[in-house]
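# Notes for the structure review
Letter by letter, the chains look like this.
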Amino acid sequence: MAILKFSASAVAAQIAHARGCKTFLPNWNGPVDRPALILIVGNGVHLRSNGIDGTTTRIVTTEQADPSFAFADGMNPFRDTDWMAQRRMAFRDLTGQFYTDILDDVQVLIDRGRGTIRLATDGHSIRVFVRRASDYLIGGTYEVPSGLGGTFRVILKDACDTFAIVQSCGNCEDFDAMQPYRVPLDALMEIDDRRAA
């Protein structure tokens, strides 16, 4: 999982552009009738409006970028000398255009005064990532998806902004005897959190 960080003001400008348009770029399924944000992984990594307003002849491609787009920190080809290495660390060799459904969630964070928008991606999905490592209690008990459709109860041993180190606790003897292991930070669920695993 990679965490992408964007300037909230740059993203707000893209949202405002999308909401000011009446025509939108189609996605892979065909025509689109509402504002959205598109994540482009190519010449840098950036968010842009899906709106078409006639002010530009640029089409969405992975080869072209515009300095006015909202670039991920460290992945701006107009400013960052090692943007390609940063992009590769986050996406490996994957490039492309990803229509997202995050516009409303991102707008809520902007309205709350967040200066930075953080997105989590595993290369195939893009999610708004609100929590930070400091939001979790080291030594606290959480649940994590088991990979088999259920959850495991774990104790949080350590965390960074991307991953958590957890130890199985209270599941069964074989699992609890396992060494601590790493899970994506956003996989940690409060015990009363009823998200689908």
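Report on the accompanying structure. All figures in this text were calculated on a predicted structure; none of them were measured in a lab.

## So, the sheet that holds strand β3 (residues 37–42)
Read from one edge of the open sheet, four strands run β6-β4-β3-β7, paired in antiparallel fashion. At either margin of the open sheet sits one strand with a lone partner, and together these are β6 (70–71) and β7 (96–99). In terms of strand pairing, β3 meets β7 through four bridges, oriented antiparallel. Bridging from a neighbouring strand, L39 pairs with F98 of β7. Lying over the sheet, helix α1 (residues 8–19) contacts β3, β4 (44–49) and β6, oriented at roughly 40° with respect to β4. Strand contacts of helix α2 (residues 83–91): β3 and β4, with the helix running at about 110° to β3, the strand carrying the most contacts.

## Points about the side chain of Q167
Mapped onto the elements of the fold, Q167 is located in strand β12 (residues 163–168). When sequence neighbours within four positions are dropped, the list of residues in contact with Q167 reads R153, V154, I155, K157, D176, M178, Q179 and P180.

## Some points on the sheet that holds strand β8 (residues 116–121)
Taken together, three strands build an open sheet; the order of strands is β1-β8-β9 and the sheet is antiparallel. A strand with exactly one partner marks an edge of an open sheet, and here the two such strands are β1 (2–7) and β9 (126–128). In this sheet, neighbouring strand axes are inclined to one another by 30° on average, regardless of whether the strands run parallel or antiparallel. For β1 and β8, the ladder comprises six bridges, and the chain directions are antiparallel. Opposite A2, over in β8, you have T121 as the bridge partner. Across the sheet, α1 is in contact with β1 and β8; its angle to β1 comes to roughly 75°.

## Re the pattern of salt bridges
Counted according to the given criterion, the structure contains four salt bridges. We note a salt bridge from D80 to R79, for which the minimum N-O separation is 3.8 Å. Judged by its relative accessible area of 56%, R79 is exposed.

## Examining the nonpolar core
Where a protein is soluble and globular, its nonpolar side chains tend to be buried together. With 26 residues, the main nonpolar core has L4, F6, V11 and L39 as its most contacted residues. Contributing elements (two or more residues each) for this core: β1, α1, β3, β4, α2, α3 (103–111) and β8. Here V11 is in contact with F6, L37, L47, A70, V106 and I110, once residues within four sequence places are set aside. In this structure, A120, V154, L156 and L188 belong to the second largest nonpolar core, which totals 15 residues.

Criteria and cut-off values
Residues numbered from 1 in each chain as written. Predicted model: local features only at pLDDT ≥ 70, side-chain atom pairs only at ≥ 80, totals over all residues. Heavy atoms only, no water. Pairing = 2+ DSSP bridges. Helix = DSSP H or I, 4+ residues; strand = E, 2+ residues; numbered from the N terminus. Contact = heavy atoms within 4.5 Å. Axes fitted to C-alpha atoms, helices over the stretch in contact; angles between N-to-C directions. Salt bridge = Lys/Arg side-chain N within 4 Å of Asp/Glu carboxyl O. Buried < 20%, exposed > 50% of the residue type's maximum accessible area, 1.4 Å probe, protein only. Core = buried A, V, L, I, M, F, W, Y, C linked by side-chain atoms within 4.5 Å.

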